[in-house]
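Examination of the molecular architecture
So you can see what is in the structure, the chains are spelled out below.
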Amino acid sequence: MGTTLITGGTVVSATGRGAADILVDGERIVALLEPGTTVLGANLAETVDTVVDATGKYVIPGGIDAHTHMSMPFGGTTASDDFESGTRAAAWGGTTTIIDFAVQKFGERVQDSLDTWHKMASGQCAIDYSFHQIIGDVNDESLTALRRLPDEGITSFKLFMAYPGVFYSDDAQILRAMQIGANTGLLTMMHAENGPAIDVLVEQLLAEGKTDPYYHGIARAWQLEEEATHRAIMLADLTGAPLYVVHVSAKQAVAQLAAARDRGRNVFGETCPQYLYLSLEDNLGAPGFEGAKWVCSTPLRSRREEHQAQVWQALRTNDLQMVSTDHCPFCMKGQKDMGIGDFSKIPNGVGTVEHRMDLMYQGVVEGRITLERWVEITSTTPARMFGLYGRKGVLAPGADADIVVYDPDGHTSIGLGKTHHMNMDHSAWEGYEIDGRVDTVLSRGKVVVADGEYRGRKGDGQFVRRDPCQYLI
Ligand code: URP
Ligand code: ZN
Ligand code: ZN
Ligand code: ZN
(Lines give C-alpha, C1' and ligand atoms only; values in the text may rest on other atoms or scores of the structure.)
(Ligands and ions follow the chains in the order given, each with its own letter.)
Protein backbone atom coordinates (compact mmCIF):
# COMPACT_ATOMS: atom_id res chain seq x y z
CA MET A 1 0.00 0.00 0.00
CA GLY A 2 2.86 2.37 0.85
CA THR A 3 2.51 6.13 0.92
CA THR A 4 -0.04 8.26 -0.92
CA LEU A 5 -0.27 12.01 -1.39
CA ILE A 6 -3.62 13.54 -2.28
CA THR A 7 -2.66 16.86 -3.72
CA GLY A 8 -4.19 20.05 -5.05
CA GLY A 9 -7.67 19.60 -3.61
CA THR A 10 -9.92 21.57 -1.29
CA VAL A 11 -10.23 19.63 1.95
CA VAL A 12 -13.73 19.94 3.37
CA SER A 13 -14.62 19.07 6.95
CA ALA A 14 -17.77 19.55 9.00
CA THR A 15 -16.40 22.89 10.16
CA GLY A 16 -14.62 24.43 7.20
CA ARG A 17 -12.68 24.09 3.98
CA GLY A 18 -9.23 24.95 2.72
CA ALA A 19 -6.46 24.01 0.33
CA ALA A 20 -4.37 21.17 1.77
CA ASP A 21 -2.50 18.06 0.70
CA ILE A 22 -3.09 14.84 2.61
CA LEU A 23 -0.27 12.42 3.28
CA VAL A 24 -1.24 8.81 3.87
CA ASP A 25 1.10 6.11 5.12
CA GLY A 26 -0.32 2.61 4.97
CA GLU A 27 -3.85 2.64 6.33
CA ARG A 28 -3.69 5.96 8.15
CA ILE A 29 -3.51 9.69 7.49
CA VAL A 30 -0.22 11.02 8.80
CA ALA A 31 -0.42 14.71 7.92
CA LEU A 32 -2.42 17.53 6.38
CA LEU A 33 0.08 19.82 4.71
CA GLU A 34 0.24 23.17 3.05
CA PRO A 35 0.00 22.57 -0.70
CA GLY A 36 3.44 22.10 -2.27
CA THR A 37 5.21 21.32 1.03
CA THR A 38 8.83 20.26 0.51
CA VAL A 39 10.78 17.93 2.79
CA LEU A 40 14.55 18.57 2.99
CA GLY A 41 14.30 20.33 -0.33
CA ALA A 42 12.44 17.50 -2.06
CA ASN A 43 8.95 17.87 -3.43
CA LEU A 44 6.82 15.48 -1.37
CA ALA A 45 4.98 14.28 -4.46
CA GLU A 46 8.26 12.83 -5.77
CA THR A 47 8.89 10.81 -2.63
CA VAL A 48 5.58 8.97 -2.23
CA ASP A 49 4.42 5.76 -3.91
CA THR A 50 1.12 7.12 -5.23
CA VAL A 51 -0.05 10.63 -6.08
CA VAL A 52 -3.77 11.38 -6.39
CA ASP A 53 -4.32 14.64 -8.23
CA ALA A 54 -7.34 16.36 -6.66
CA THR A 55 -6.95 19.69 -8.43
CA GLY A 56 -10.31 21.43 -8.68
CA LYS A 57 -11.95 18.78 -6.50
CA TYR A 58 -13.19 18.38 -2.95
CA VAL A 59 -11.45 15.99 -0.58
CA ILE A 60 -13.79 14.69 2.11
CA PRO A 61 -13.89 11.97 4.76
CA GLY A 62 -15.42 8.78 3.34
CA GLY A 63 -19.15 8.47 3.73
CA ILE A 64 -20.58 6.50 6.65
CA ASP A 65 -23.95 4.92 5.98
CA ALA A 66 -25.22 4.02 9.42
CA HIS A 67 -28.36 2.21 8.26
CA THR A 68 -28.14 -0.69 5.80
CA HIS A 69 -29.72 -4.14 5.56
CA MET A 70 -27.53 -6.47 3.51
CA SER A 71 -29.14 -9.93 3.15
CA MET A 72 -31.97 -8.82 5.45
CA PRO A 73 -34.73 -11.43 5.79
CA PHE A 74 -38.05 -9.64 5.31
CA GLY A 75 -41.57 -10.65 4.29
CA GLY A 76 -40.61 -14.16 3.21
CA THR A 77 -37.61 -13.12 1.14
CA THR A 78 -34.09 -11.72 1.57
CA ALA A 79 -32.70 -8.31 0.60
CA SER A 80 -31.04 -8.72 -2.79
CA ASP A 81 -27.67 -7.18 -1.91
CA ASP A 82 -25.39 -9.31 0.19
CA PHE A 83 -22.35 -7.90 1.96
CA GLU A 84 -20.19 -8.34 -1.14
CA SER A 85 -22.41 -6.63 -3.72
CA GLY A 86 -23.79 -4.04 -1.30
CA THR A 87 -20.47 -2.83 0.05
CA ARG A 88 -18.94 -2.73 -3.44
CA ALA A 89 -21.82 -0.51 -4.57
CA ALA A 90 -21.30 1.64 -1.46
CA ALA A 91 -17.62 2.08 -2.34
CA TRP A 92 -18.54 3.14 -5.87
CA GLY A 93 -20.70 5.83 -4.32
CA GLY A 94 -18.09 7.21 -1.91
CA THR A 95 -19.23 5.39 1.21
CA THR A 96 -16.36 3.73 3.08
CA THR A 97 -18.15 2.41 6.17
CA ILE A 98 -21.56 0.87 6.67
CA ILE A 99 -23.32 -0.02 9.89
CA ASP A 100 -25.68 -2.89 9.16
CA PHE A 101 -28.29 -4.49 11.41
CA ALA A 102 -27.84 -7.94 12.92
CA VAL A 103 -31.37 -9.30 13.24
CA GLN A 104 -32.47 -11.22 16.32
CA LYS A 105 -35.66 -12.91 15.19
CA PHE A 106 -38.47 -13.93 17.52
CA GLY A 107 -37.35 -16.96 19.56
CA GLU A 108 -33.69 -16.60 18.60
CA ARG A 109 -30.76 -15.91 20.91
CA VAL A 110 -29.14 -12.50 20.40
CA GLN A 111 -25.63 -13.95 20.35
CA ASP A 112 -26.63 -16.48 17.67
CA SER A 113 -28.01 -13.72 15.44
CA LEU A 114 -24.85 -11.69 15.89
CA ASP A 115 -22.71 -14.72 15.03
CA THR A 116 -24.81 -15.22 11.88
CA TRP A 117 -24.21 -11.61 10.79
CA HIS A 118 -20.49 -11.89 11.45
CA LYS A 119 -20.40 -15.03 9.30
CA MET A 120 -22.31 -13.35 6.48
CA ALA A 121 -20.06 -10.29 6.41
CA SER A 122 -16.63 -11.65 7.26
CA GLY A 123 -14.31 -11.78 4.25
CA GLN A 124 -17.02 -10.39 1.96
CA CYS A 125 -16.90 -6.63 2.39
CA ALA A 126 -15.27 -4.03 0.17
CA ILE A 127 -15.27 -1.42 2.94
CA ASP A 128 -15.26 -1.40 6.73
CA TYR A 129 -18.44 -2.37 8.51
CA SER A 130 -20.03 -2.58 11.91
CA PHE A 131 -23.36 -3.75 13.28
CA HIS A 132 -26.26 -2.47 15.29
CA GLN A 133 -28.25 -5.19 17.02
CA ILE A 134 -31.96 -5.55 16.23
CA ILE A 135 -33.83 -6.93 19.23
CA GLY A 136 -36.87 -8.59 17.68
CA ASP A 137 -37.80 -10.45 20.87
CA VAL A 138 -37.37 -8.55 24.12
CA ASN A 139 -37.21 -11.16 26.90
CA ASP A 140 -34.98 -11.97 29.87
CA GLU A 141 -32.36 -13.63 27.67
CA SER A 142 -32.17 -10.80 25.14
CA LEU A 143 -32.09 -8.15 27.87
CA THR A 144 -29.13 -9.90 29.46
CA ALA A 145 -27.44 -10.18 26.06
CA LEU A 146 -28.05 -6.47 25.49
CA ARG A 147 -25.88 -5.59 28.48
CA ARG A 148 -23.00 -7.52 26.95
CA LEU A 149 -23.15 -5.90 23.49
CA PRO A 150 -20.52 -3.21 24.24
CA ASP A 151 -18.01 -6.06 24.87
CA GLU A 152 -18.70 -7.11 21.27
CA GLY A 153 -17.93 -3.60 20.01
CA ILE A 154 -21.63 -2.92 19.43
CA THR A 155 -23.06 0.15 21.11
CA SER A 156 -26.53 0.56 19.59
CA PHE A 157 -29.65 -1.55 19.24
CA LYS A 158 -32.89 -1.13 17.33
CA LEU A 159 -36.41 -1.78 18.51
CA PHE A 160 -39.58 -1.78 16.39
CA MET A 161 -42.90 -0.21 17.35
CA ALA A 162 -44.12 -1.56 13.98
CA TYR A 163 -44.51 -5.07 12.49
CA PRO A 164 -46.60 -6.89 15.15
CA GLY A 165 -45.81 -10.60 15.18
CA VAL A 166 -42.42 -10.03 13.54
CA PHE A 167 -40.09 -7.53 15.19
CA TYR A 168 -42.63 -5.58 17.27
CA SER A 169 -42.01 -4.59 20.88
CA ASP A 170 -44.82 -3.35 23.10
CA ASP A 171 -44.38 -0.43 25.49
CA ALA A 172 -43.45 -2.68 28.41
CA GLN A 173 -40.70 -4.31 26.38
CA ILE A 174 -39.47 -0.95 25.13
CA LEU A 175 -39.37 0.39 28.67
CA ARG A 176 -37.29 -2.55 29.88
CA ALA A 177 -34.84 -2.32 27.00
CA MET A 178 -34.50 1.45 27.38
CA GLN A 179 -33.73 1.05 31.09
CA ILE A 180 -30.71 -0.97 30.02
CA GLY A 181 -29.89 1.59 27.32
CA ALA A 182 -29.88 4.28 30.01
CA ASN A 183 -27.13 2.69 32.06
CA THR A 184 -24.97 0.69 29.66
CA GLY A 185 -23.94 3.35 27.17
CA LEU A 186 -26.07 1.76 24.44
CA LEU A 187 -27.96 4.02 22.06
CA THR A 188 -31.61 2.96 21.57
CA MET A 189 -32.63 3.20 17.92
CA MET A 190 -36.34 3.21 17.24
CA HIS A 191 -38.54 2.34 14.28
CA ALA A 192 -41.32 4.67 15.32
CA GLU A 193 -44.64 3.72 13.73
CA ASN A 194 -47.72 2.45 15.56
CA GLY A 195 -47.79 -1.09 14.17
CA PRO A 196 -51.04 -2.41 15.68
CA ALA A 197 -52.98 0.61 14.33
CA ILE A 198 -51.34 0.24 10.92
CA ASP A 199 -52.39 -3.42 10.78
CA VAL A 200 -56.04 -2.47 11.31
CA LEU A 201 -55.90 0.06 8.48
CA VAL A 202 -54.15 -2.44 6.19
CA GLU A 203 -56.89 -5.01 6.80
CA GLN A 204 -59.65 -2.44 6.15
CA LEU A 205 -58.03 -1.09 2.96
CA LEU A 206 -57.53 -4.58 1.54
CA ALA A 207 -61.16 -5.47 2.38
CA GLU A 208 -62.23 -2.44 0.34
CA GLY A 209 -60.22 -3.73 -2.62
CA LYS A 210 -57.53 -1.07 -2.22
CA THR A 211 -54.59 -3.31 -2.98
CA ASP A 212 -52.17 -1.07 -4.94
CA PRO A 213 -48.76 0.00 -3.57
CA TYR A 214 -50.16 3.51 -3.05
CA TYR A 215 -52.26 2.25 -0.12
CA HIS A 216 -49.11 1.23 1.74
CA GLY A 217 -48.63 4.96 2.22
CA ILE A 218 -52.25 5.51 3.26
CA ALA A 219 -52.17 2.74 5.86
CA ARG A 220 -48.95 4.05 7.37
CA ALA A 221 -50.43 7.47 8.10
CA TRP A 222 -48.24 10.27 9.44
CA GLN A 223 -50.32 10.38 12.62
CA LEU A 224 -49.02 6.91 13.43
CA GLU A 225 -45.42 8.03 12.94
CA GLU A 226 -45.97 11.15 15.03
CA GLU A 227 -47.69 9.20 17.80
CA ALA A 228 -45.00 6.52 17.98
CA THR A 229 -42.23 9.10 17.88
CA HIS A 230 -43.85 10.94 20.76
CA ARG A 231 -44.28 7.73 22.74
CA ALA A 232 -40.67 6.72 22.15
CA ILE A 233 -39.50 10.15 23.29
CA MET A 234 -41.58 9.95 26.46
CA LEU A 235 -40.32 6.46 27.33
CA ALA A 236 -36.77 7.66 26.71
CA ASP A 237 -37.45 10.68 28.87
CA LEU A 238 -38.69 8.51 31.71
CA THR A 239 -35.80 6.05 31.57
CA GLY A 240 -33.06 8.52 30.72
CA ALA A 241 -32.09 6.51 27.65
CA PRO A 242 -30.61 8.41 24.72
CA LEU A 243 -32.85 7.87 21.70
CA TYR A 244 -32.17 7.82 17.96
CA VAL A 245 -35.22 7.64 15.70
CA VAL A 246 -34.52 6.00 12.34
CA HIS A 247 -35.92 6.84 8.92
CA VAL A 248 -37.93 9.92 9.94
CA SER A 249 -40.26 11.03 7.15
CA ALA A 250 -43.26 12.94 8.56
CA LYS A 251 -42.91 16.63 9.35
CA GLN A 252 -44.99 16.03 12.50
CA ALA A 253 -42.46 13.46 13.73
CA VAL A 254 -39.70 15.97 13.03
CA ALA A 255 -41.60 18.47 15.21
CA GLN A 256 -41.71 15.94 18.05
CA LEU A 257 -37.94 15.46 17.84
CA ALA A 258 -37.34 19.20 17.67
CA ALA A 259 -39.50 19.81 20.75
CA ALA A 260 -37.64 17.13 22.74
CA ARG A 261 -34.31 18.60 21.70
CA ASP A 262 -35.48 22.04 22.69
CA ARG A 263 -36.12 20.56 26.14
CA GLY A 264 -32.47 19.53 26.16
CA ARG A 265 -33.00 15.81 25.65
CA ASN A 266 -30.61 13.35 24.04
CA VAL A 267 -33.02 12.68 21.21
CA PHE A 268 -31.70 12.35 17.69
CA GLY A 269 -33.06 11.52 14.27
CA GLU A 270 -31.96 10.44 10.85
CA THR A 271 -33.72 10.79 7.56
CA CYS A 272 -33.02 9.13 4.21
CA PRO A 273 -32.72 10.48 0.65
CA GLN A 274 -36.07 8.95 -0.33
CA TYR A 275 -37.89 11.23 2.11
CA LEU A 276 -36.12 14.28 0.71
CA TYR A 277 -36.84 13.66 -2.97
CA LEU A 278 -39.63 11.11 -3.52
CA SER A 279 -43.33 11.26 -2.69
CA LEU A 280 -46.55 9.34 -2.14
CA GLU A 281 -48.14 10.78 -5.26
CA ASP A 282 -45.22 10.67 -7.71
CA ASN A 283 -43.65 7.37 -6.69
CA LEU A 284 -45.84 5.12 -4.54
CA GLY A 285 -48.75 6.23 -6.71
CA ALA A 286 -47.02 5.37 -10.01
CA PRO A 287 -49.24 3.54 -12.51
CA GLY A 288 -49.98 -0.17 -12.11
CA PHE A 289 -47.64 -2.00 -9.76
CA GLU A 290 -44.61 0.24 -10.37
CA GLY A 291 -45.08 1.99 -7.04
CA ALA A 292 -43.83 -1.21 -5.38
CA LYS A 293 -40.28 -0.01 -6.08
CA TRP A 294 -40.80 2.61 -3.40
CA VAL A 295 -42.62 0.59 -0.76
CA CYS A 296 -40.61 1.21 2.38
CA SER A 297 -41.42 2.02 5.98
CA THR A 298 -41.82 4.68 7.12
CA PRO A 299 -43.49 5.39 3.76
CA LEU A 300 -42.93 8.18 1.27
CA ARG A 301 -45.05 11.12 2.33
CA SER A 302 -47.52 13.30 0.46
CA ARG A 303 -46.04 15.99 -1.75
CA ARG A 304 -49.16 18.09 -1.08
CA GLU A 305 -48.46 18.15 2.66
CA GLU A 306 -44.92 19.42 2.08
CA HIS A 307 -43.07 17.06 4.37
CA GLN A 308 -39.91 17.27 2.28
CA ALA A 309 -39.33 20.98 2.87
CA GLN A 310 -39.60 20.44 6.64
CA VAL A 311 -37.22 17.50 6.58
CA TRP A 312 -34.66 19.52 4.60
CA GLN A 313 -35.07 22.36 7.06
CA ALA A 314 -34.55 20.05 10.04
CA LEU A 315 -31.29 18.93 8.45
CA ARG A 316 -30.21 22.56 8.41
CA THR A 317 -31.29 23.33 11.97
CA ASN A 318 -29.89 20.05 13.37
CA ASP A 319 -33.29 18.85 14.52
CA LEU A 320 -32.32 15.92 12.30
CA GLN A 321 -28.63 15.15 12.57
CA MET A 322 -27.79 12.83 9.71
CA VAL A 323 -28.75 11.00 6.55
CA SER A 324 -28.53 7.23 6.13
CA THR A 325 -30.03 5.18 3.32
CA ASP A 326 -31.97 2.36 5.05
CA HIS A 327 -30.62 0.42 2.06
CA CYS A 328 -32.88 -2.64 1.85
CA PRO A 329 -33.13 -3.60 -1.82
CA PHE A 330 -35.56 -6.08 -3.36
CA CYS A 331 -35.93 -6.92 -7.04
CA MET A 332 -39.29 -6.35 -8.70
CA LYS A 333 -39.25 -9.82 -10.24
CA GLY A 334 -39.58 -12.58 -7.70
CA GLN A 335 -39.56 -10.26 -4.66
CA LYS A 336 -41.61 -7.05 -4.84
CA ASP A 337 -44.07 -8.86 -7.14
CA MET A 338 -45.11 -11.09 -4.24
CA GLY A 339 -47.38 -8.17 -3.40
CA ILE A 340 -49.30 -7.92 -6.66
CA GLY A 341 -52.93 -7.74 -5.53
CA ASP A 342 -51.95 -7.14 -1.87
CA PHE A 343 -49.63 -4.23 -1.04
CA SER A 344 -49.01 -5.62 2.45
CA LYS A 345 -47.06 -8.52 0.91
CA ILE A 346 -44.56 -6.24 -0.87
CA PRO A 347 -41.22 -6.56 0.91
CA ASN A 348 -40.38 -3.18 2.44
CA GLY A 349 -37.27 -1.37 1.31
CA VAL A 350 -35.50 0.85 -1.20
CA GLY A 351 -31.91 0.49 -2.44
CA THR A 352 -29.82 3.66 -2.21
CA VAL A 353 -26.45 2.76 -0.70
CA GLU A 354 -24.58 3.78 -3.87
CA HIS A 355 -26.24 7.15 -4.29
CA ARG A 356 -26.37 8.77 -0.86
CA MET A 357 -23.29 10.98 -1.24
CA ASP A 358 -24.39 12.16 -4.70
CA LEU A 359 -28.02 12.72 -3.73
CA MET A 360 -27.03 14.73 -0.67
CA TYR A 361 -24.51 16.71 -2.70
CA GLN A 362 -27.51 17.87 -4.73
CA GLY A 363 -28.60 19.61 -1.56
CA VAL A 364 -25.40 21.65 -1.80
CA VAL A 365 -25.91 22.35 -5.51
CA GLU A 366 -29.49 23.45 -4.85
CA GLY A 367 -28.48 25.70 -1.95
CA ARG A 368 -30.30 23.68 0.71
CA ILE A 369 -27.22 22.80 2.78
CA THR A 370 -23.62 23.97 2.88
CA LEU A 371 -20.68 21.93 1.68
CA GLU A 372 -19.60 21.53 5.31
CA ARG A 373 -23.05 20.38 6.37
CA TRP A 374 -22.94 17.80 3.56
CA VAL A 375 -19.81 16.30 5.13
CA GLU A 376 -21.30 16.54 8.59
CA ILE A 377 -24.58 14.73 7.87
CA THR A 378 -23.03 12.00 5.72
CA SER A 379 -19.81 11.26 7.61
CA THR A 380 -18.81 13.23 10.69
CA THR A 381 -22.05 12.99 12.64
CA PRO A 382 -22.61 9.31 11.78
CA ALA A 383 -19.10 8.70 13.17
CA ARG A 384 -19.80 10.63 16.37
CA MET A 385 -23.31 9.23 16.80
CA PHE A 386 -22.10 5.65 16.59
CA GLY A 387 -18.73 5.79 18.33
CA LEU A 388 -16.36 5.82 15.37
CA TYR A 389 -15.15 9.39 15.48
CA GLY A 390 -11.41 9.95 15.39
CA ARG A 391 -10.85 6.82 13.33
CA LYS A 392 -13.64 7.67 10.88
CA GLY A 393 -15.57 10.79 9.93
CA VAL A 394 -12.60 13.15 9.95
CA LEU A 395 -9.47 13.84 7.90
CA ALA A 396 -6.79 14.25 10.55
CA PRO A 397 -3.48 12.64 11.50
CA GLY A 398 -4.12 9.21 13.00
CA ALA A 399 -7.50 8.73 11.31
CA ASP A 400 -8.12 5.86 8.93
CA ALA A 401 -7.38 6.97 5.37
CA ASP A 402 -11.01 6.65 4.26
CA ILE A 403 -11.01 9.48 1.76
CA VAL A 404 -13.21 10.54 -1.14
CA VAL A 405 -12.15 12.89 -3.91
CA TYR A 406 -15.35 14.45 -5.21
CA ASP A 407 -15.52 16.30 -8.51
CA PRO A 408 -18.02 19.18 -8.43
CA ASP A 409 -17.64 19.61 -12.18
CA GLY A 410 -18.37 15.94 -12.85
CA HIS A 411 -21.75 14.50 -13.66
CA THR A 412 -23.51 11.32 -12.56
CA SER A 413 -26.44 9.76 -14.39
CA ILE A 414 -28.17 7.34 -12.08
CA GLY A 415 -29.99 4.27 -13.22
CA LEU A 416 -29.71 0.77 -14.54
CA GLY A 417 -26.82 0.40 -16.95
CA LYS A 418 -25.42 3.77 -15.85
CA THR A 419 -24.33 4.31 -12.28
CA HIS A 420 -25.72 1.32 -10.51
CA HIS A 421 -23.77 -1.55 -9.04
CA MET A 422 -26.41 -2.71 -6.59
CA ASN A 423 -27.93 -6.14 -7.05
CA MET A 424 -31.33 -4.93 -8.18
CA ASP A 425 -33.32 -5.29 -11.40
CA HIS A 426 -34.38 -1.64 -11.25
CA SER A 427 -33.31 1.60 -9.66
CA ALA A 428 -35.43 3.64 -7.28
CA TRP A 429 -33.45 6.60 -8.66
CA GLU A 430 -33.71 5.88 -12.38
CA GLY A 431 -33.25 9.05 -14.38
CA TYR A 432 -31.72 11.17 -11.62
CA GLU A 433 -29.02 13.47 -12.99
CA ILE A 434 -26.43 14.61 -10.44
CA ASP A 435 -24.16 17.62 -10.77
CA GLY A 436 -21.08 16.12 -9.17
CA ARG A 437 -19.24 12.81 -9.28
CA VAL A 438 -17.29 10.50 -7.02
CA ASP A 439 -13.79 10.61 -8.53
CA THR A 440 -11.49 8.56 -6.29
CA VAL A 441 -12.15 6.52 -3.15
CA LEU A 442 -9.59 5.33 -0.62
CA SER A 443 -10.57 2.77 1.96
CA ARG A 444 -8.02 2.55 4.80
CA GLY A 445 -5.32 3.83 2.45
CA LYS A 446 -6.12 1.59 -0.49
CA VAL A 447 -7.42 3.17 -3.69
CA VAL A 448 -10.61 1.18 -4.32
CA VAL A 449 -12.24 3.41 -6.94
CA ALA A 450 -10.35 5.52 -9.50
CA ASP A 451 -10.57 6.38 -13.21
CA GLY A 452 -14.07 4.91 -13.37
CA GLU A 453 -12.76 1.51 -12.23
CA TYR A 454 -13.30 -0.57 -9.13
CA ARG A 455 -9.92 -1.69 -7.80
CA GLY A 456 -10.87 -3.17 -4.45
CA ARG A 457 -11.45 -6.75 -3.48
CA LYS A 458 -13.94 -8.51 -1.29
CA GLY A 459 -12.42 -8.93 2.13
CA ASP A 460 -10.72 -5.51 2.08
CA GLY A 461 -13.30 -4.32 4.58
CA GLN A 462 -12.98 -5.25 8.25
CA PHE A 463 -15.34 -5.32 11.20
CA VAL A 464 -14.94 -2.15 13.26
CA ARG A 465 -15.59 -2.20 16.98
CA ARG A 466 -17.39 0.93 18.14
CA ASP A 467 -17.21 3.13 21.24
CA PRO A 468 -20.37 4.52 22.87
CA CYS A 469 -22.19 7.44 21.22
CA GLN A 470 -19.96 10.54 21.16
CA TYR A 471 -22.83 12.92 20.44
CA LEU A 472 -24.62 13.14 23.79
CA ILE A 473 -25.60 16.53 25.15
O1 URP B 1 -38.73 -0.38 4.56
C2 URP B 1 -37.78 -0.56 5.30
N3 URP B 1 -37.37 0.43 6.03
N4 URP B 1 -37.15 -1.75 5.34
C5 URP B 1 -36.09 -2.10 6.18
C6 URP B 1 -36.50 -2.44 7.57
C7 URP B 1 -36.61 -1.23 8.45
O8 URP B 1 -37.66 -1.06 9.09
O9 URP B 1 -35.69 -0.46 8.55
ZN1 ZN C 1 -37.17 0.44 10.46
ZN1 ZN D 1 -34.85 23.18 17.76
ZN1 ZN E 1 -33.95 -0.10 8.16
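Rules used in this analysis
Residues numbered from 1 in each chain as written. Chains lettered and ligands numbered in written order. Predicted model: local features only at pLDDT ≥ 70, side-chain atom pairs only at ≥ 80, totals over all residues. Buried ≥ 20, exposed ≤ 12 C-beta atoms within 10 Å, placed from the backbone. Helix = DSSP H or I, 4+ residues; strand = E, 2+ residues; numbered from the N terminus. Pairing = 2+ DSSP bridges. Near = placed C-beta within 6 Å. Nonpolar A, V, L, I, M, F, W, Y, C, P; charged D, E, K, R; others polar. UniProt positions renumbered as here; feature names shortened; annotations may be inferred. Contact = placed C-beta atoms within 7 Å. Axes fitted to C-alpha atoms, helices over the stretch in contact; angles between N-to-C directions. Parallel < 35°, antiparallel > 145°, perpendicular 65-115°, else oblique. Left-handed = near helix turned anticlockwise from the far one by under 90°. Arc of directions from axis to C-beta. Right-handed = clockwise from strand over helix to strand, strands pointing away. Core = buried A, V, L, I, M, F, W, Y, C linked by C-beta atoms within 7 Å. Domains from an automatic or database assignment.

Quick look at the pairing of strand β1 (residues 3–7) now. The side chains of a regular strand alternate, first on one face of the sheet and then on the other. With four of its five residues buried, β1 lies for the most part within the structure. In this structure, β1 lies alongside strand β4 (residues 21–25), joined through four bridges in antiparallel fashion. Across the sheet, residue Thr3 finds its bridge partner in β4, namely Asp25. When β1 meets strand β8 (residues 50–53), the two strands line up parallel, connected through four bridges. Its bridge partner lying in β8, Leu5 is registered against Val51.

A few words now on the site of ligand 1. In the vicinity of ligand 1, the residues found are His69, His191, His247, Cys296, Ser297, Asp326, Cys328, Asn348 and Gly349. Residues of the shell around ligand 1, tallied by class, amount to two nonpolar, six polar and one charged.

Right, let's get into the UniProt feature "modified residue: N6-carboxylysine" (unreviewed entry) in the chain. Residues annotated in UniProt with the feature "modified residue: N6-carboxylysine" (unreviewed entry) correspond here to Lys158. Tracing the backbone shows Lys158 in strand β15 (residues 156–160). Among all residues touching Lys158, those that are not within four sequence positions of it are Phe101, His132, Ile134, Met189, His191 and Val246.

As a further point, take the environment of Phe157. Its location among the elements puts Phe157 in strand β15. Judged by C-beta crowding, with 27 C-beta atoms within 10 Å, Phe157 ranks as buried. For Phe157 and Asn318, which are 161 residues apart along the polypeptide, the C-alpha to C-alpha distance reads 22 Å. In this view, Phe157 contacts His132, Gln133, Ile135, Leu146, Leu149, Leu186, Thr188 and Met189; residues no more than four positions away in its chain are not counted.

One way to put it is that helix α4 (residues 171–184) packs onto helix α7 (residues 222–239) with a least axis distance of 9 Å and a crossing angle of 45°. The angle between the axes of α4 and α7 places the two elements in the oblique class. The two elements α4 and α7 meet at a crossing, and its hand is right-handed. Of the residues in α7, those touching α4 at Asp171, Ile174, Leu175, Met178, Gln179 and Ala182 are Leu235, Ala236 and Thr239. For the contact of α4 with α7, the per-class residue count stands at six nonpolar, two polar and one charged.

Time to look at the sheet that holds strand β9 (residues 58–61). An order of β3-β2-β9-β20-β21-β22-β23 is seen for the seven strands of this open sheet, with the pairing classed as mixed. Each end of this open sheet is capped by a strand with a single partner; those strands are β3 (17–19) and β23 (453–454). Relative to strand β21 (residues 433–443), strand β20 (residues 403–413) runs antiparallel, the two sharing eight bridges. Residue His411 lies in a different strand from β21, and its bridge partner there is Asp435. Seen against the sheet, helix α1 (residues 83–92) touches β21, β22 (446–450) and β23 and runs at an angle of roughly 75° to β22. Taken strand by strand, helix α12 (residues 356–365) contacts β20 and β21, and its axis lies near 125° from that of β21.

A few words on the UniProt feature "domain: Amidohydrolase-related" (unreviewed entry) in the chain. Per the UniProt record, the feature "domain: Amidohydrolase-related" (unreviewed entry) sits at residues 58–448. Note that residues 58–448 is 36% helix and 20% strand, and that its end C-alpha atoms are spaced 17 Å apart.

The next point concerns the sheet that holds strand β13 (residues 95–104). In space, the eight strands of this open sheet follow the order β10-β13-β14-β15-β16-β17-β18-β19, with parallel pairing throughout. Among the strands making up the open sheet, the edge pair consists of β10 (63–68) and β19 (322–323). For β15 and strand β16 (residues 187–191), the ladder comprises five bridges, and the chain directions are parallel. Each bridged residue has a counterpart across the sheet, and for Lys158 the counterpart in β16 is Met189.

All buried positions along helix α3 (residues 140–148) are accounted for by Ser142, Ala145 and Leu146. The arc enclosing the buried residues of α3, seen along the axis, measures out at 110°, which places them on a common side. Among the exposed residues of α3, those pointing more than 90 degrees away from its buried face are Asp140, Thr144, Arg147 and Arg148. In this fold, the buried residues of α3 make contact with β13, α2 (110–121), β14 (128–135), β15 and α4.

Burial analysis of β15 places five of its five residues in the buried class, which makes it a mostly covered element. The alternating pattern of β15 places Ser156, Lys158 and Phe160 and Phe157 and Leu159 on opposite faces, both of which are buried. In this sheet, β15 lies alongside β14 in parallel orientation, the contact comprising two bridges. Residue Gln133 lies in a different strand from β15, and its bridge partner there is Phe157. Running through α3, the crossover from β14 to the neighbouring parallel element β15 is right-handed. The parallel pair β15 and β16, bridged by α4, forms a crossover whose chirality is right-handed.

Core analysis: the largest hydrophobic core is formed by 144 residues, its most contacted members being Ile22, Val59, Met190, Ala232, Leu243 and Val245. With seven residues, the top contributor of residues to this core is α7. Of the residues that make up this core, three or more belong to each of domain 1 (3–60 + 392–409 + 428–454) and domain 2 (62–385).

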